[in-house]
Amino acid sequence: MVEALAVASGKGGTGKTTSTLALGMALATDYDVTVIDADTGMANLLFHAGLDDVETTLHDVLIEGGAAVREATYDRFGMRVVPCGTSLAAFEAADPERLRAAVADLASDTDVLLLDSPAALGSKSAVLPVVLADRVVVVLQPTIPALSDGLKVQEYATSYGTGTAGVVFNRVREDEPIERIADRAGEYFEGPTLAAVPESDAARGARRAGLPLLEHAPESDAARAFRDAARALDVRA
Ligand code: ADP
Ligand code: MG
């Protein structure tokens, strides 16, 4: 059985793409994992995974008469990775509804499907990845405004029948104890706090190197926190 997990947040830049690849690599030690960049308007997974020079991406799959999703799937870092392109014209030409078929196709042949999801609510392309997922992983910085945004993500996920797997707090500073963060989160969320990932040079360095964090710096504290989060996810594959 496949479990599809959307990695989402209220705002951009919280670490969704970093988290998607890190959780994917952590889960890939036990499961067959596929990662898809479903943030089709602001795609950037390709830059985090050294895939910025590939020919075929999800955008080519989402146009009429376009490529099969297999043609946009690349074996990387022990996972299957479906990057999306960055062209605005390609985003505008894409039919977001076609993501349904692409996800169904990928889900037929994997244990865990992670969907790197858009930040903003509202449009069909923004909501669909969460609609298609079984559960959502909410990625937030540990501030009250971020928690308020994250609560909205959880509310709309619930309204589409998508459960909450939990919250990954990212870019946590050393002076913020995890217990206090988890307490604060507990006031807002039903799901558990999966991990507190520290603000980390390793994460920044990974992006610059065009590599997932768990490939670039597997022994970093941030990588360890993502491995803990992956275990806490308790995937149902
Ligand atoms: P999103 O996909 O939500 O827009 P990204 O994963 O692309 O966010 O992260 C945004 C930026 O923040 C990237 O440059 C990334 O390297 C950096 N970043 C992510 N997580 C951390 C962290 N824990 N510590 C430091 N920098 C981070
Ligand atoms: Mg992103």
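It should be noted that the structure appears before, not after, this text.
Residues numbered from 1 in each chain as written. Chains lettered and ligands numbered in written order. Predicted model: local features only at pLDDT ≥ 70, side-chain atom pairs only at ≥ 80, totals over all residues. Heavy atoms only, no water.

Just give me the short version of the pairing of strand β2 (residues 33-37), but keep the residues and values in it.
Here β2 lies mainly inside the structure; 5 of its 5 residues are buried. Alternating residues of β2 divide into Val-33, Val-35 and Asp-37 and Thr-34 and Ile-36, and every residue in both groups is buried. Two elements, β2 and strand β5 (residues 112-116), share 5 bridges in a ladder whose sense is parallel. Within β5, the position partnered with Thr-34 by the bridge is Leu-113. Sheet topology places β2 next to strand β4 (residues 79-82); 3 bridges connect them, and they run parallel. Across the sheet, Thr-34 pairs through a bridge with Arg-80, a residue of β4. (Buried < 20%, exposed > 50% of the residue type's maximum accessible area, 1.4 Å probe, protein only. Helix = DSSP H or I, 4+ residues; strand = E, 2+ residues; numbered from the N terminus. Pairing = 2+ DSSP bridges.)

Would you mind going over unusual backbone geometry in detail, with residue names and values included?
A positive phi angle, near 55 degrees, is found at Phe-77, a position not held by glycine. Assignment of secondary structure puts Phe-77 in the loop between β3 (74-76) and β4. Taking the relative accessible area as the measure of exposure, Phe-77 reaches 21% and is therefore partly exposed. Even without being glycine, Arg-171 reaches a positive phi, approximately 60 degrees.

How would you summarise the coordination of the magnesium ion (ligand 2) if you had to cite specific residues and measurements?
The coordination sphere of the magnesium ion (ligand 2), as far as protein atoms go, consists of Thr-17 (OG1) and Asn-44 (OD1), spread over 2.1 to 2.6 Å. One end of the pair, Thr-17, is in helix α1 (residues 16-27); the other, Asn-44, is in the loop between β2 and α2 (45-48), with 27 residues separating them in the sequence. Its relative accessible area of 29% is what places Asn-44 among the partly exposed residues. (Donors = N, O, S within 2.8 Å, 3.2 Å for Na, K, Ca; no water.)

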